[in-house]
Amino acid sequence: MKNKEQFLDWFAGFVAGEGCFRIEKHGNKWFNCRLTILLRDDDLPILLKIQETLEMGVISRERANYISQGRAMWAVTATDDILRLIDIFDTHPLLAKKQRDYEIWKEAALEINRGQQKRRGRGRYGPATYNRRYLDHLKQKLSLIKVYEMSPIEELEIEGRQLELSFYKKEAQSEREG
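A few points on the structure.

## Overview of the overall build of the protein
Line of reasoning, step 1. Summing up its helical and strand segments, the protein has six helices and eight strands in all.
Line of reasoning, step 2. When its helices and strands are written in sequence order, the protein yields α-β-β-α-β-β-α-α-α-β-β-β-β-α.
Line of reasoning, step 3. Counting across all 178 residues of the protein, residues that qualify as buried make up 38%.
Line of reasoning, step 4. A separation threshold of at least 6 residues defines the contact pool for the protein, and within that pool the share at least 24 residues apart is 54%.
Line of reasoning, step 5. About 10,900 Å² of surface is accessible on the protein, with carbon and sulfur atoms providing 49% of the total.

Okay, here's the thing in structure tokens:
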């Protein structure tokens, strides 16, 4: 790529096609956000280029076995790197349905960051003080998008925040239930 801006445009498109935005809950104690790109192992050079250019993320590899080819995954979970990704995707938007996932993921990442900032203000140790109910809702909403098409039918208000909550099922899902 000629310059960083072109790379970031390409990266946003690549994430729209291959990326996975996740909100992870670990017990009842804490949440984190993660962006992953999982490719066949022979595409490892792409992940290495992303890691080198963005200077973030960790690459892990899974060997080939009798069930599948080897795979390589680039993952970002560090809060500072997640905030840098938000800056990237806000200036180089995802021009596909993945934008919906990103918007929910971004909300969760910013809420988690607020909680961590409050924790740091009280000292290094101790629980983060983010809104766990709100993050549970965002996690569920992000999970449902992958199974259901989003259709705002009703809204839910949690601590003053209006959230679209209802979804209608895809036809294939409806046929299995019927």
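Right, picking up where we left off after that structure.
## Focus: the pattern of salt bridges
A side chain with one charge can pair with a side chain of the opposite charge if their charged atoms come near.
Line of reasoning, step 1. Under the defined criterion, the tally for this structure stands at seven salt bridges.
Line of reasoning, step 2. Across the pair R34 and E24 runs a salt bridge whose closest N-O atoms are separated by 3.0 Å. Taken together, the positions of R34 in strand β2 (residues 30–40) and E24 in strand β1 (residues 19–26) put the pair ten residues apart, joining distant regions of the chain.
Line of reasoning, step 3. One salt bridge in this structure joins R84 and D81, with 3.3 Å as the shortest N-O distance. With R84 and D81 both in helix α3 (residues 79–91), this residue pair falls three residues apart, about one helical turn.
Line of reasoning, step 4. When salt bridges with common partners are traced through the structure, they connect R22, E24 and R34 into a single cluster.

## Some remarks on α3
Line of reasoning, step 1. When the terminal C-alpha atoms of α3 are compared, their 19 Å separation across 13 residues agrees well with the 18 Å that a helix rising 1.5 Å per residue should span.
Line of reasoning, step 2. Taken together, the buried positions of α3 are D81, I82, L85, I86, I88 and F89. On an axial view of α3, the arc spanned by its buried residues comes to 165 degrees, and they lie on one face. Among the exposed residues of α3, those pointing more than 90 degrees away from its buried face are D80, D87 and T91.

## Observations concerning the sheet that holds strand β3 (residues 58–62)
Line of reasoning, step 1. Judged by pairing direction, the sheet is antiparallel, and its four strands sit side by side in the order β1-β2-β4-β3 without closing on themselves. On the outer flanks of this sheet lie β1 and β3, each paired with one strand and no other. Within the sheet, the average angular offset between the axes of one strand and its neighbour, ignoring direction, is 30 degrees.
Line of reasoning, step 2. With five bridges joining them, β3 and strand β4 (residues 71–76) adopt antiparallel strand pairing. In the strand pairing of β4, V58 is matched with A75.
Line of reasoning, step 3. Sheet strands in contact with helix α1 (residues 4–18) are β1, β2 and β4, and its direction is about 95 degrees off that of β2.

## A few points about the environment of N32
Line of reasoning, step 1. Turning to its location among the elements, N32 is positioned in strand β2.
Line of reasoning, step 2. A relative accessible area of 11% means that N32 is categorised as buried.
Line of reasoning, step 3. Along the backbone, N32 and A108 are 76 residues apart, and their C-alpha atoms lie at a distance of 8.4 Å.
Line of reasoning, step 4. Residues within four places of N32 in sequence aside, it is in contact with R22, I23, E24, H26, T77 and I112.

## What about the pairing of β2?
On a regular strand, each side chain points to the face opposite its neighbour's, so the side chains alternate between the two faces of the sheet.
Line of reasoning, step 1. Inspection of the sheet shows β1 paired to β2 by eight bridges, in the antiparallel sense. In the sheet register, K25 faces β2, and the bridge partner there is F31.
Line of reasoning, step 2. Direction of pairing for β2 relative to β4: antiparallel, over a ladder of six bridges. Paired with T36 across the two strands is A75, which belongs to β4.

## Comments concerning α1
Line of reasoning, step 1. For α1, spanning 15 residues, the distance from its first C-alpha to its last is 20 Å, which sits close to the expected 21 Å at 1.5 Å a residue.
Line of reasoning, step 2. Along α1, the residues that are buried comprise F7, L8, F11, A12, F14, V15 and A16.
Line of reasoning, step 3. Its side-chain oxygen 3.0 Å from the backbone nitrogen of E5, N3 forms the N-cap of α1.

Conventions used here
Residues numbered from 1 in each chain as written. Predicted model: local features only at pLDDT ≥ 70, side-chain atom pairs only at ≥ 80, totals over all residues. Heavy atoms only, no water. Helix = DSSP H or I, 4+ residues; strand = E, 2+ residues; numbered from the N terminus. Buried < 20%, exposed > 50% of the residue type's maximum accessible area, 1.4 Å probe, protein only. Contact = heavy atoms within 4.5 Å. Areas by Shrake-Rupley, 256 points an atom, 1.4 Å probe, with all protein chains shown as cover. Salt bridge = Lys/Arg side-chain N within 4 Å of Asp/Glu carboxyl O. Expected span 1.5 Å × (residues − 1). Arc of directions from axis to C-beta. Pairing = 2+ DSSP bridges. Axes fitted to C-alpha atoms, helices over the stretch in contact; angles between N-to-C directions. Polar contact = N/O pair within 3.5 Å; in protein donor to acceptor, adjacent residues only side chain to side chain.

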